[in-house]
Amino acid sequence: MKNYLLAIFIFSVLSMYAQSNVHSPYWNQKTDMYRILPNTEGEIIFLGDSITDRCEWAELFQNVNVKNRGLSGDRTSGLLDRLDEVIESKPDKIFVMIGVNDLRHDVPLYTIVGNYRNLVKRILLGSPGTRVIVQSVLPVNNIIGKPKTTCEKVLKLNEEISKIAADFGLVYIDLNKSFVDEKGMLDNKYSEDGLHINGEGYLLWASLIEEYVKNQ
């Protein structure tokens, strides 16, 4: 019994640590920059982690209303911490992709799902006129790189994310299926490290969401 209680205590401490509000210097610097940038009308925001952060979305779509709020290394908890800045401008649309870093840091699935659900709630309550487009997490490839998670875990998370989108009546875009190879992993023509995507990958991503970016 003592060992069981000790195990629960250790798990609780580790979970709290995984969800702590201590962020990296890059996170702090980037969010500080986001805070001082001016709000504009008609914003279309791309919200996520490094996979979002690394793209030049405004140039890709040739649209000055498109703004990148990706942040390398971010998790669902970090996104919640900086969400006020995102919804302050009452954007027209928010495209969300988040969760792979949670998996890479062994955050429990139920915690990720809870954070994601809170994320959607806060957007809809804080900016009810914003259209939220939920995107699946992309696959990974454990052969060409070390993504520190698996495609199986990504698929389980995407199942839960799709349920959240359905519960709130939001558009869910399954990007995952368009990026996999015959083995169900991230196709190496779109990635060099098994986690992040290259230019061709971003072109594919853009083609899959273009209608939602351009249309109401």
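Look a little higher up for the structure.
Here's a quick rundown of the structure. Within any chain, residue numbers begin from 1 and follow the written order of that chain's sequence. Thresholds applied to this predicted model are a pLDDT of at least 70 for local features of residues and 80 or more for the giving and counting of side-chain atom pairs; totals over whole chains, interfaces and linings are not thresholded and use all residues. Excluded from the side-chain calculation are hydrogens and water; included are all heavy atoms of the structure.

By convention, a stacked pair of Phe, Tyr or Trp rings (six-membered ring in the case of Trp) has centres within 6.5 Å and planes under 30 degrees apart, an edge-to-face pair has planes over 60 apart, and any other such pair is tilted. For the structure shown, the criterion picks out eight aromatic pairs. Both rings, one in phenylalanine 46 and one in tryptophan 57, keep their centres 4.2 Å apart while their planes meet at 10 degrees; by these two values the pair is stacked. Here phenylalanine 46 is found in strand β1 (residues 44-48), whereas its partner tryptophan 57 is found in helix α4 (residues 57-61), with eleven residues between them in sequence. The buried label applies to any residue whose accessible area, calculated with a 1.4 Å probe on protein chains only, is under 20% of its type's maximum; exposed applies above 50%, and partly exposed to all values in between. Take phenylalanine 46: its relative accessible area is 1%, and that puts it in the buried class. With a centroid separation of 6.2 Å and an interplanar angle of 15 degrees, the aromatic rings of tryptophan 57 and phenylalanine 61 are classed as stacked. Here phenylalanine 61 and tryptophan 57 lie together in helix α4, a separation of four residues that amounts to about one turn. This pair shows no difference in class: tryptophan 57 is buried, exactly as phenylalanine 61 is. Following the ring pairs from residue to residue traces out a cluster consisting of Phe46, Trp57, Phe61, Phe95, Tyr202 and Trp205. Each helix is a run of H or I in the DSSP string that is no shorter than four residues. Each strand is a run of E no shorter than two, and both are numbered from the N terminus.

For an α-helix, 3.6 residues make a turn, and residues three or four places apart therefore share a direction. One less than the residue count of a helix, multiplied by 1.5 Å, gives the span that helix is expected to have. Here helix α8 (residues 109-126) contains 18 residues, and its C-alpha end-to-end distance of 26 Å stays within 8% of the 26 Å for a straight helix at 1.5 Å per residue. Considered for burial, the residues of α8 that qualify are Thr111, Ile112, Val113, Asn115, Tyr116, Leu119, Val120 and Ile123. If you follow the buried residues of α8, they end up packed against α5 (76-81), α6 (83-87), β3 (93-97), α7 (100-104), β4 (131-135) and α9 (151-168). Residue contacts are defined here by distance: any two heavy atoms, one from each residue, within 4.5 Å place the two residues in contact.

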